[in-house]
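Coordinate analysis (summary)
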Amino acid sequence: RHTRLRTVTGVQTCALPISRAAELAAPPRAQRPAVDAVLVTVRGETFAAPLRQLRAVLPAAFTPLPLSAPHVAGVQPVRGSLVGVVRADALLTGQSGGSPGPLARVLLAATQPEPCGVLVDAVGELVWVGDVTFPPVFDTPGVSGRTATGMACLNLEALVRHLPAAWQIGRA
């Protein structure tokens, strides 16, 4: 359907499709960023990690700590400081997967007061997941919910906050 031609103050307007006319008349839509998460793999399962919770994604170059807890991967130098690195697989599933592979990366989580590294098996593409509105399938600390497609979304702050008390960030 097209709008009718009409004369407004002596000037004849042209015909536009009604849907296009409504689109032009509507207020501008809020712009969303092109991406808001990075896909990561932990023990064969893909998760979305929000970019707002990350400071950096680094190659896994940590030094293991002898006699440490299973969830502790080690320490990694980052910009002149040593940062503790924890294993995402141990925190999410309770089981650590052994030595990291060649695609393993450390997500430098923007936790307070100090950053913390989270070891994942691989990092994939940047994606837009939008608002996480669906509850997680299981009550797993560090998983904030699911996307509309069913992908689990990590909450790195909650994952690190759930560390055993002896190794929490900011505690002696």
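Residues numbered from 1 in each chain as written. Predicted model: local features only at pLDDT ≥ 70, side-chain atom pairs only at ≥ 80, totals over all residues. Heavy atoms only, no water.

**Quick look at unusual backbone geometry**
Despite not being glycine, R43 has its phi angle at roughly 50°, a positive value. Along the chain, R43 falls in the loop between β3 (37-42) and β4 (45-50). Its identity is not glycine, yet R79 carries a phi of approximately 50°, on the positive side. Structurally, the position occupied by R79 is in the loop between β6 (72-78) and β7 (81-87). R79 sits in the exposed class, given a relative accessible area of 66%. (Helix = DSSP H or I, 4+ residues; strand = E, 2+ residues; numbered from the N terminus. Buried < 20%, exposed > 50% of the residue type's maximum accessible area, 1.4 Å probe, protein only.)

**Some details on the sheet that holds β6**
With respect to topology, five strands assemble into an open sheet ordered β5-β8-β9-β7-β6, the strand pairing being mixed. In this open sheet, the two edge strands, each paired with only one partner strand, are β5 (54-59) and β6. Strand-to-strand twist of the sheet, defined as the mean angle between neighbouring strand axes without regard to direction, takes the value 30°. (Pairing = 2+ DSSP bridges. Axes fitted to C-alpha atoms, helices over the stretch in contact; angles between N-to-C directions.)

**Side note on the pairing of strand β8 (residues 105-109)**
For β8, a buried count of four out of five residues is recorded, marking the element as mostly surrounded by other parts of the structure. Pairing analysis gives five bridges linking β5 to β8, with the strands arranged antiparallel. Along β8, the bridge assignment pairs P59 with R105. The pairing of β8 with strand β9 (residues 116-120) spans five bridges and is antiparallel.

**As for the side chain of D36**
Looking at the element boundaries, D36 is found in the loop between α1 (18-25) and β3. This buried residue, D36, is left without a salt bridge; R52 holds the nearest opposite charge, at 5.6 Å. What D36 contacts, discounting residues up to four positions off in sequence, is A49, P50, L51, V127, W128, V129 and G130. (Lys, Arg positive; Asp, Glu negative; His and termini not counted. Salt bridge = Lys/Arg side-chain N within 4 Å of Asp/Glu carboxyl O. Contact = heavy atoms within 4.5 Å.)

**Let's talk about the nonpolar core**
In terms of nonpolar packing, the biggest core is built from 21 residues, with V40, F47, L92, L107, V118, L154 and L156 touching the most fellow members. Secondary-structure elements contributing two or more residues to this core are β3, β4, α2 (88-93), β8, β9, β12 (152-154) and α3 (156-161). Setting aside residues up to four positions removed in sequence, V118 forms contacts with V86, A88, R105, V106, L107, L156, L159 and V160. (Core = buried A, V, L, I, M, F, W, Y, C linked by side-chain atoms within 4.5 Å.)

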